[in-house]
Amino acid sequence: MSAHQSPIIRRKSKQIMVGNVPVGGDAPITVQTMTNTKTTDVAATVEQIQRIERVGADLVRVSVPTMEAAEAFKLIKQQTNIPIIADIHFDYRIALKVAEYGADCLRINPGNIGSEERVRAVVACARDLNIPIRIGVNGGSLERDIQEKYGEPTAEALLESAMRHVDYLDRLNFDNFKVSVKASDVFLAVGAYRLLAKQIDQPLHLGITEAGGFRAGAVKSAIGLGMLLADGIGDTLRISLAADPVEEVKVGFDILKSLRIRSRGINFIACPSCSRQEFDVISTVNALEERLEDIITPMDVSIIGCVVNGPGEALVSDLGLAGAANKSAFYEGGLRVDRLDNKDLIPVLERRIRARAAMLDPANQIRIDKA
Ligand code: SF4
């Protein structure tokens with residue numbers, strides 16, 4: 001196995017289709033997010049979905065709390081390309097309406113819909129239109145009797161809640177669904193997903209819910225999802241941050257990239273703050289990250305401030321810079337090919353990286369690394 005391959009062996013799950021995107025089985029682990037505009041504001045929601053799509057999201061979820069929002073959903077579907085998951089709580093009529101309007105997945109918990117007849121109606125509609133359902137259990141909103149039984153949210157409580165919804169679908173012979181058991185506590189969520197992974201074959205949607213603000217939430221999500229993904233658990237994921245949904249997508253890809261599960265865009269290898277740096281590594285890397293956001297070709301680029309680690313990192317990177325006084329050594333494919341003036345690094349590096357990306361992958365396509 002090369003250093004670039006992930007050693008992770010994925011749990012075998014059933015594959016479902018969310019629109020034209022496969023989830024589960026041997027499909028790439030998909031990254032999704034959720035819009036935070038008012039769904040009834042069609043223009044703002046469409047604009048946000050387009051931004052989300054541009055940073056590579058595979059799927060997007062849109063909340064549909066009312067019939068008015070369902071009408072807006074119809075217009076949003078007509079103006080966007082990415083598969084949309086309609087997020088519905090309780091009202092089965094909204095589920096039927098958005099299914100008619102082209103929803104690619106329904107996020108609705110069968111146990112919350114009400115009568116058996118209503119559950120049957122939603123499942124029959126999903127079956128007829130070949131739309132999957134996502135069961136979404138959340139540690140903050142467990143059923144009252146489960147809360148009373150366990151006293152507090154536990155992994156077993158989340159599992160019991162999920163299996164209750166799964167049983168509804170099993171009884172109706174419907175297996176076109178995926179499941180999430182989210183919690184804001186890392187150990188709780190991880191414990192619940194590990195239990196669930198042993199119980200069902202369905203694809204699992206991962207998430208640490210309400211993870212927090214951008215920095216802390218990204219760290220918490222990386223730890224929780226990292227534990228699960230390293231176990232081979234997870235078929236799609238959403239990072240829940242109190243931040244722009246675009247950031248959620250970027251963090252999701254960064255997590256997959258860190259585990260070499262799915263590479264997208266540039267993986268920068270860069271020095272931490274250090275007094276030996278011959279040029280300002282931090283501002284250089286920050287500027288390059290911003291300027292090169294549109295590159296989706298997977299590449300390793302090392303930006304290292306001195307010769308202690310610079311040549312070594314450059315050897316195993318697509319492109320590398322090893323800091324030296326006045327002019328730093330520039331490497332391509334592990335070979336030193338040039339010396340770049342430290343005063344003018346950012347635009348020169350941007351040009352070089354773009355040229356290398358075009359050479360590696362003229363179509364600028366995403367690469368899926370499989371274990
Ligand atoms: S490679 Fe050089 S500049 Fe970078 S952290 Fe190490 S000693 Fe500091």
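Thresholds applied
- For every chain, the first residue of the written sequence is number 1, and numbering continues from 1 along that sequence.
- With the structure being a predicted model, the display of local features is reserved for residues of pLDDT at least 70 and the display and counting of side-chain atom pairs for 80 or more, all residues being used for whole-chain, interface and lining totals.
- Processing note: side-chain calculations cover all non-hydrogen atoms of the structure and skip hydrogens and water entirely.
- The cutoff for a nearby residue is simple: one of its non-hydrogen atoms must lie within 4 Å of the molecule or strand.
- Residue classes follow a fixed rule: Ala, Val, Leu, Ile, Met, Phe, Trp, Tyr, Cys and Pro count as nonpolar, while Asp, Glu, Lys and Arg count as charged, and any other residue, Gly among them, counts as polar.
- Working definition: with a 1.4 Å probe on protein chains only, accessible area under 20% of the residue-type maximum means buried, over 50% means exposed, and in between means partly exposed.
- Where helices and strands are cited, they refer to DSSP runs of H or I of at least four residues and of E of at least two residues respectively, numbered from the N terminus.
- Between any two strands, pairing holds if DSSP finds at least two bridges.
- Handedness rule for crossovers: strands pointing away from the viewer, path from the first strand over the helix to the second running clockwise, crossover right-handed.
- Boundary definitions for the domains trace back to an automatic or database domain assignment.
- Angles run from 0 to 180 degrees between N-to-C directions of axes, and those axes are lines fitted to C-alpha atoms, restricted for helices to the stretch in contact.
- Should an angle fall under 35 degrees it is taken as roughly parallel, and over 145 as roughly antiparallel, whereas 65 to 115 is taken as roughly perpendicular and any remaining angle as oblique.
- Crossing chirality is assigned from the near helix's rotation relative to the far helix, an anticlockwise turn below a right angle marking it left-handed and a clockwise turn marking it right-handed.
- Here, two residues are considered to be in contact whenever any of their heavy atoms come within 4.5 Å of each other.
- Each salt bridge in this description consists of a side-chain nitrogen of Lys or Arg and a carboxyl oxygen of Asp or Glu lying within 4 Å of one another.

A. Spotlight on the site of the ligand. Looking at the ligand, the residues that line it are C271, P272, C274, R276, Q277, I304, G305, C306, V308 and N309. Residue composition of the shell around the ligand, by class: 6 nonpolar, 3 polar and 1 charged.

B. Molecular detail of unusual backbone geometry. One non-glycine residue with positive phi stands out, namely F90, at about 70°. For F90, a relative accessible area of 54% puts it in the exposed group.

C. Looking closely at the pairing of strand β7 (residues 133-138). Burial analysis of β7 places 6 of its 6 residues in the buried class, which makes it a mostly covered element. Relative to β7, strand β6 (residues 105-107) runs parallel, the two sharing 2 bridges. Looking at β7, one finds that R107 is bridged to R134. In this fold, the crossover linking β6 to β7 by way of helix α4 (residues 116-129) has right-handed handedness. Summarising the sheet, β7 and strand β8 (residues 177-182) pair through 6 bridges and their orientation is parallel. The residue of β8 that forms the bridge with I135 is V179.

D. Just the domain arrangement of the protein chain, in detail. By the assigned domains, the protein chain splits into domain 1 (16-258) and domain 2 (266-370). Between the C-alpha centres of domain 1 and domain 2 the distance comes to 37 Å.

E. How the structure looks around the packing of helix α10 (residues 281-291) against helix α12 (residues 345-360). As a packed pair, α10 and α12 sit with axes 10 Å apart at the nearest point and diverge in direction by 45°. By the angle class used here, α10 and α12 are oblique. Read as a crossing pair, α10 and α12 show a hand that is right-handed. Contacts from S283, T284, A287, L288 and R291 of α10 reach α12 at I346, P347, L349, E350, I353 and R354.

F. Region of the structure containing the sheet that holds strand β13 (residues 319-322). Strand order in this open sheet of 5 strands is β11-β12-β13-β14-β15, and the pairing throughout is mixed. Edge positions in the open sheet fall to β11 (266-270) and β15 (335-341), since each of these has one partner strand only. Each neighbouring strand pair of the sheet contributes to a mean axis angle of 20°, computed without reference to strand direction. Sheet topology note: the β11/strand β12 (residues 299-304) ladder contains 5 bridges and is parallel. Residue pairing in the sheet places I269 in a bridge with S302 of β12. Of the strands in this sheet, β11, β12, β13, β14 (327-332) and β15 are in contact with α12, which crosses β15 at around 150°.

G. Expanded view of the pattern of salt bridges. The final tally for this structure, using the stated rule, is 25 salt bridges. Note that K14 is salt-bridged to D175, the shortest N-O span being 3.7 Å. Residue K14 is found in the segment before β1 (16-18), and its partner D175 is found in the loop between α6 (155-171) and β8; the two are separated by 161 residues along the sequence. Residue class for K14 comes out partly exposed when judged on its relative accessible area of 29%.

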